[in-house]
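Read off the chains here:
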Amino acid sequence: MKFELGIIGAGNMAQAIIHGVLQAGLYQPQQVCAADPSDQRLELFRNTLKVQTNPDNAYVAANCKTLLLCVKPQQIADALQQIQPSLPAGILIISIAAGISTGFIEDFLTAGSSKKSTQRVRVVRCMPNTPMLVGMGMAALCSGHYATDDDLEQAAGIFRSAAKVMIVPESKMDAVTAISGSGPAYFFFLVEQMVKAGVLMGLDREQARLLAGQTALGAAQMLLGSEQTVVELRRQVTSPRGTTHAAINYLEANNWPIITVEAVRAAAKRSRELACQMNNPTN
Ligand SMILES: NC(=O)c1ccc[n+]([C@@H]2O[C@H](COP(=O)([O-])OP(=O)(O)OC[C@H]3O[C@@H](n4cnc5c(N)ncnc54)[C@H](OP(=O)(O)O)[C@@H]3O)[C@@H](O)[C@H]2O)c1
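Residues numbered from 1 in each chain as written. Predicted model: local features only at pLDDT ≥ 70, side-chain atom pairs only at ≥ 80, totals over all residues.

**Q** Any chance you could explain the environment of Lys 50 here in plain terms?
**A** Looking at where Lys 50 falls in the secondary structure, it is placed in the loop between helix H2 (39–49) and strand E3 (52–53). With 13 C-beta atoms counted inside 10 Å, the residue Lys 50 sits in the partly exposed group. Sequence-wise, Lys 50 and Pro 29 are 21 residues apart; in three dimensions their C-alpha atoms are separated by 5.7 Å. (Helix = DSSP H or I, 4+ residues; strand = E, 2+ residues; numbered from the N terminus. Buried ≥ 20, exposed ≤ 12 C-beta atoms within 10 Å, placed from the backbone.)

What follows is the structure, encoded as structure tokens:
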């Protein structure tokens, strides 16, 4: 087989994942080949990651041992249609598409195929996140019906190169998507508002950005390095009638805890809807 790892969809997440596996020395650039409709994206992958590229999904699928599907959920059916006829026997497919079940991919690739090789297609699903770009990602994985423990471990190895890895049953994937997949945006959104407040109070934007960003990083490191609960950690910096207390009181009085929980649940709901739309495209 020409390539150890093939990529379908040379977008942002693919870039983060490939950057991680190359940095970790898991594969050499010449062992990786990416496909994408955009010449610009392929050029970027060739120039910055030094990997092989090809505009033809079928070529990449036919020539790799493991295939990483990195297209948007709405693009997955087209991509699967394009790779299906050329899938080699024994290929492992890893999908990072939000809301797309392993069963959907297995059924799609099996339907209409006369080839034995695609009848028991091994699929692992993963929900990574963009902090993989800086080697600080979080990725949750689950296997489909036919993926083996070795397949799951192989997939985990790819994501471990730039993320912490968690194995979950597929039923938990919508929740994972809502917490860690979409999560970076929630923190950016919070920092965005903190920066706005900083500017309103007379700081310049760069100062406010550094103050908020470094605080987010420090808080996360304290949280992950501590045995204490997140509530205990929060209480330690919330003296009664102090400044933090004033802010937390205001957030609680304005339903921020409820709004946050509902917002995260909305992301999980959207993940379920995406899966439904794929199974019933007229919805
Ligand atoms: N971004 C996140 O934070 C995040 C986190 C976890 C999981 N994910 C999942 O990761 C996947 C990729 O997300 P992303 O943010 O990396 O998206 P993205 O940057 O849009 O990357 C997708 C790439 O695939 C290309 N593409 C479209 N149709 C294709 C086809 N048939 N064959 C090959 N390539 C095709 C797109 O080209 P065009 O732009 O020309 O369409 C684009 O370059 C999604 O399924 C998403 O659910 C994303």
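Still more to cover.
**Q** So what exactly am I meant to see when it comes to the nonpolar core here?
**A** A general trend in soluble globular proteins is that nonpolar side chains are found buried together. Counting residues in hydrophobic clusters, the biggest one holds 66 residues, and the most contacted among them are Ile 7, Ile 8, Leu 69 and Leu 141. Looking at this core element by element, the count peaks at six residues for helix H1 (residues 12–23). (Core = buried A, V, L, I, M, F, W, Y, C linked by C-beta atoms within 7 Å.)

**Q** So what exactly am I meant to see when it comes to helix H7 (residues 173–181) here?
**A** Given 3.6 residues to a turn, an α-helix orients residues that are three or four positions apart in the same direction. By the criterion of burial, H7 is predominantly enclosed, with seven of the nine residues buried. Within the span of H7, buried status applies to Met 173, Asp 174, Val 176, Thr 177, Ala 178, Ser 180 and Gly 181.

**Q** Is there a simple way to explain the domain arrangement of the protein in this structure?
**A** One frequent convention defines the size of an interface as the accessible area lost when the parts assemble. Partitioning the protein into structural domains gives domain 1 (3–173) and domain 2 (183–269). Averaged C-alpha coordinates put domain 1 and domain 2 at centres separated by 34 Å. (Domains from an automatic or database assignment.)

**Q** Just checking my understanding: could you explain the packing of helix H8 (residues 183–200) against helix H9 (residues 205–224) for this structure?
**A** A pair of packed helices can be characterised by two numbers: the angle between their axes and the separation between those axes. It is at 8 Å that the axes of H8 and H9 come closest, and there the two elements cross at 140 degrees. As the angle between them shows, H8 and H9 are arranged oblique. Seen from above, H8 lies across H9 with right-handed handedness. Of H9, the residues touching H8 (which contributes Phe 187, Val 191, Met 194, Val 195, Gly 198 and Val 199) are Arg 205, Gln 207, Ala 208, Arg 209, Leu 211, Ala 212, Gly 213 and Ala 216. Residue composition of the contact of H8 with H9, by class: nine nonpolar, three polar and two charged. (Axes fitted to C-alpha atoms, helices over the stretch in contact; angles between N-to-C directions. Parallel < 35°, antiparallel > 145°, perpendicular 65-115°, else oblique. Left-handed = near helix turned anticlockwise from the far one by under 90°. Contact = placed C-beta atoms within 7 Å. Nonpolar A, V, L, I, M, F, W, Y, C, P; charged D, E, K, R; others polar.)

**Q** Explain the sheet that holds strand E8 (residues 163–167) to me, please; I cannot follow it from the model alone.
**A** Remark on secondary structure: sheet strands pair via backbone hydrogen bonds, oriented parallel or antiparallel. Strand order in the open sheet made by the eight strands is E3-E2-E1-E4-E5-E6-E7-E8, with mixed pairing throughout. Because the sheet does not close on itself, it has two edges, and the strands there are E3 and E8. By the bridge criterion, four bridges tie strand E4 (residues 64–69) to strand E5 (residues 92–95) in an arrangement that is parallel. Each bridged residue has a counterpart across the sheet, and for Leu 69 the counterpart in E5 is Ser 95. In this fold helix H5 (residues 102–110) packs onto E5, strand E6 (122–127) and strand E7 (137–143), with an angle of close to 145 degrees to the strand it touches most, E6. (Pairing = 2+ DSSP bridges.)

**Q** Mind showing me how you'd approach the site of the ligand here?
**A** Near the ligand, the surroundings consist of 29 residues, among which Gly 9, Gly 11, Met 13, Ala 97 and Ala 98 are the closest. Counting residues per element, the ones that place at least two in the shell around the ligand are H1 and helix H4 (76–83). For the shell around the ligand, the residue count by class is 15 nonpolar, 10 polar and four charged. (Near = placed C-beta within 6 Å.)

**Q** Help me understand the environment of Thr 148, please; the structure alone is not making it clear to me.
**A** Following the sequence through the fold, Thr 148 ends up in the loop between E7 and helix H6 (149–160). Distance in space between the C-alpha atoms of Thr 148 and Ser 161 is 21 Å, their sequence separation being 13 residues.

**Q** What am I meant to see in unusual backbone geometry here?
**A** Among all residues except glycine, the phi angle is most often negative; among peptide bonds, the trans geometry is most common. Even without glycine at this site, Lys 50 takes up a positive phi of about 65 degrees. Backbone geometry places Asn 255, a non-glycine residue, at a positive phi of 65 degrees. Considering the arrangement of structural elements, one finds Asn 255 in the loop between helix H11 (243–253) and helix H12 (256–279).

**Q** In this structure, what is going on with the pairing of E8? I would like to understand it.
**A** Side-chain positions along a regular strand alternate between the two faces of the sheet. Bridge analysis of E7 against E8 gives five bridges, and the strand direction is parallel. Bridge pairing in E8 places Ala 140 opposite Met 166. Since E7 and E8 lie parallel, the crossover through H6 that links them has a hand, and here it is right-handed. (Right-handed = clockwise from strand over helix to strand, strands pointing away.)

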